[in-house]
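# Survey of secondary and tertiary structure
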Amino acid sequence: MVIVMGVNARQEEIDVVMNKLTEFGFQGHLIRGVNRIVIGAVGDRAVINSLNLEVLPGVEKVIPIIHPFKLVSREVRDEQTTIKVGNAVLGSNKPVVIAGPCAVESREQLMTAARRAAAAGASILRGGTFKPRTSPYSFQGLEEEGLKLMSQAAAETGLATVTEIVDESSLELALNYVDMVQIGARNMQNFRLLQAVGRCGKPVLLKRGFSATIEEWLMSAEYIVSEGNADVVLCERGIRTFEKYTRNTLDLSAVPLVKGLTHLPVIVDPSHATGKRELVVPMSLAAVAAGADGLIIEMHPEPRSALCDGQQSLTPDELDALMLKIVNLSNVLSGVGA
Ligand code: PEP
Ligand code: MN
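All residue numbers here refer to positions counted from 1 along the written sequence of the relevant chain. Naming scheme: in the order in which they are written, chains are lettered from A and ligands are numbered from 1. In view of the model being predicted, local features appear only for residues whose pLDDT reaches at least 70, and side-chain atom pairs are presented and counted only at 80 or more, with totals across whole chains, interfaces and linings using the full set of residues. Each side-chain value is worked out from all heavy atoms of the structure, with water and hydrogens disregarded.

## Comments concerning the packing of aromatic side chains
Pairing of aromatic rings covers Phe, Tyr and Trp, the last counted by its six-membered ring, and requires centre-to-centre distances within 6.5 Å; plane angles under 30 degrees mean stacked, over 60 mean edge-to-face, and any other angle means tilted. For the structure shown, the criterion picks out one aromatic pair. Plain terms: the ring middles of Phe 191 and Tyr 223 are 4.6 Å apart, the flat faces sit at 25° to each other, and that makes the pair stacked. A residue pair is termed long-range when its members are at least 10 positions apart, and Phe 191 in helix α6 (residues 191-198) and Tyr 223 in helix α7 (residues 214-226) qualify at 32 residues. Look at Phe 191 and you get partly exposed, because its relative accessible area is 32%. Going along the chain from the N terminus, every DSSP run of H or I of four or more residues is numbered as a helix, and every run of E of two or more is numbered as a strand. Exposure classes here rest on a 1.4 Å probe applied to the protein chains alone. A residue is buried below 20% of its type maximum, exposed above 50%, and partly exposed in between.

## Quick notes on helix α4 (residues 144-157)
Owing to its 3.6 residues per turn, the α-helix brings residues three or four apart onto one side. Here α4 contains 14 residues, and its C-alpha end-to-end distance of 20 Å stays within 8% of the 20 Å for a straight helix at 1.5 Å per residue. Along α4, the positions that sit buried rather than exposed are Gly 146, Leu 147, Leu 149, Met 150, Ala 153 and Ala 154. End-on, the buried residues of α4 take up no more than an arc of 160°, which puts them together on one face. Turned more than 90 degrees away from the buried face of α4 sit Glu 145 and Ala 155, all of them exposed. On its buried face, α4 sits against α3 (107-120), β8 (124-126), β9 (160-164) and α5 (168-174). By this rule, a helix spans an expected 1.5 Å times one less than how many residues it contains. The arc in question is formed by the directions pointing from the helix axis toward the C-beta atoms. A contact between two residues is defined here by any heavy atoms of the two lying within 4.5 Å.

## Some thoughts on the pairing of strand β11 (residues 204-207)
Burial of β11 is two-sided: the residues Val 204 and Leu 206 facing one way and the residues Leu 205 and Lys 207 facing the other way are all buried. Two strands pair when backbone bridges link them, and strand β10 (residues 180-183) and β11 are joined in this way by three bridges, in the parallel orientation. Following the sheet pairing, Gln 182 is matched in β11 by Leu 205. Handedness of the crossover joining β10 and β11 through α6 is recorded here as right-handed. Relative to strand β12 (residues 232-236), β11 runs parallel, the two being bridged by four bridges. Across the sheet, Leu 205 pairs through a bridge with Val 233, a residue of β12. The crossover handedness rule: strands pointing away from the viewer, path from first strand over the helix to second strand clockwise, crossover right-handed. Crossover handedness for the path β11 to α7 to β12: right-handed. Criterion used throughout: strands pair if DSSP finds at least two bridges between them.

## As for the sheet that holds strand β2 (residues 27-32)
Reading across from one edge, β2-β3-β1-β4 is the order of the four strands in this open sheet, with antiparallel pairing throughout. This sheet does not close on itself; its edge strands, each paired only once, are β2 and β4 (59-63). Along the sheet, successive strands turn relative to each other by an average axial angle of 20°, direction set aside. In the sheet, strand β1 (residues 2-5) pairs with strand β3 (residues 37-42) via four bridges, with the strands oriented antiparallel. Lines fitted to C-alpha atoms define the axes here, with helix axes fitted over just the stretch in contact, and angles between the N-to-C directions of these axes take values from 0 to 180 degrees.

## Thoughts on the coordination of the manganese ion (ligand 2)
For the manganese ion (ligand 2), the full set of protein donor atoms is Cys 102 (SG), His 272 (NE2), Glu 298 (OE) and Asp 309 (OD), at a range of 2.0 to 2.4 Å. The donor definition counts N, O and S atoms within 2.8 Å of each metal and applies 3.2 Å to Na, K and Ca; water is not among these atoms, so some sites may look incomplete. The sequence pattern formed by the donor residues of the manganese ion (ligand 2) is C-x169-H-x25-E-x10-D. Here Glu 298 lies in strand β14 (residues 294-298) and His 272 lies in helix α9 (residues 270-274), a separation of 26 residues in the sequence. Across the pair, exposure class does not vary: His 272 and Glu 298 are buried alike.

## With respect to the domain arrangement of the protein chain
Boundaries between domains were set according to an automatic or database domain assignment. Here the domain parsing of the protein chain yields domain 1 (2-63) and domain 2 (83-334). Inter-centroid distance (C-alpha atoms) of domain 1 to domain 2 is 36 Å.

## A closer look at the site of ligand 1
Taken together, Arg 126, Lys 131, Glu 164, Gln 182, Gly 184, Ala 185, Arg 186, Lys 207, Arg 237 and His 272 make up the full set of residues adjacent to ligand 1. Between N or O atoms, a polar contact is any pair within 3.5 Å; within protein, one atom must be a potential hydrogen donor and the other a potential acceptor, and residues adjacent in sequence are included only when both atoms are from side chains. For ligand 1, an oxygen atom lies 2.8 Å from a polar atom in the side chain of Arg 126. In this structure, an oxygen atom belonging to ligand 1 sits 2.9 Å away from a side-chain N or O atom of Lys 131. For ligand 1, whose unbound accessible area comes to 290 Å², protein coverage reaches 97%. Polarity classes work like this: nonpolar for Ala, Val, Leu, Ile, Met, Phe, Trp, Tyr, Cys and Pro, charged for Asp, Glu, Lys and Arg, and polar for all others, with Gly in that last group. By residue class, the composition of the shell around ligand 1 is one nonpolar, three polar and six charged. Only heavy atoms are used to decide nearness, and a residue is near a molecule or strand if one of them lies within 4 Å of it. Only the protein chains shown count as cover for residues, and the accessible areas themselves come from Shrake-Rupley with a 1.4 Å probe.

## Quick look at helix α11 (residues 316-333)
Over its 18 residues, α11 extends 25 Å from the first C-alpha to the last, a length consistent with the 26 Å expected when each residue adds 1.5 Å. Pro 316, Leu 319, Leu 322, Met 323, Ile 326, Leu 329 and Ser 330 are the residues of α11 that are buried. Buried residues of α11 fall within an arc of 135° about the axis and therefore sit on the same side. Those residues of α11 that are exposed and aimed more than 90 degrees away from the buried face are Asp 317, Leu 324 and Val 332. Residue Gly 335 follows α11 closely and has a positive phi angle near 85°.

As structure tokens, this is what we get:
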């Protein structure tokens, strides 16, 4: 249920509602928007109805939430959520670019990638340190050594950092070194891990699972937010279809659709979505045109010698060229110079 408080509701009145919810075993989530104050209360609808919250002073109305996802829904909060990661703000009108190698491989590789990502105008550095690989014989990541390199690259370039975590122990380690943690497609429905990142205190990048419906994806975001972490960025990274020319099929319609359903920022990963370097630039531009709040792009100083995903990684020069196109396109979209 959404409890909408009057615009002039006093703090004591809000406290009374919150306390009543707690007394009956519900968690009240207070959301202060620009235009209204709402309290999201998740739980048995019949029991919440029986509390007669409408009659309390300061309460304007009590509305049921129709979608199964509640706190992430636009029904609870209609304003776009913005999330700060380092100096980047996701969910503002300017697309944020996250760039870097699939995996951290060495100091030299990561430092070169970080310098080139920063010079191109990206604001967050990606770099896998715990790699969930299809084969147990493939490179699994440098783990803590890679995390240390990520934090050194951040210190040198001023970029914020994101890395994927695969379990609670990698999460604990990563929190000491990076600004944002990523839940990969393979872990989108690892509910215990979602709850753990919900308590971790840092922004979370939640990728869509390759067979996940949009509703399942948003329910996973709900797991994180319901644990108290509202800083969730959703990432469309392609879904598995019968098509074989591309690694996955980029579901671009998910961008405007999900942005209508949720107030959370939505970004696109054209690298894993297509698996092909030559498709990354057109799909990046298409994603920005569709309203994506940002992109996560694989870039490697020498894609041919990459330990992971070289075929879909841009070169630093290609990233430079793409960034210029993104800036021009966003200016057109926001009407600058029109
Ligand atoms: C990644 O971003 O490194 C990755 C493994 O992506 P996904 O989880 O989308 O496959
Ligand atoms: Mn990759």
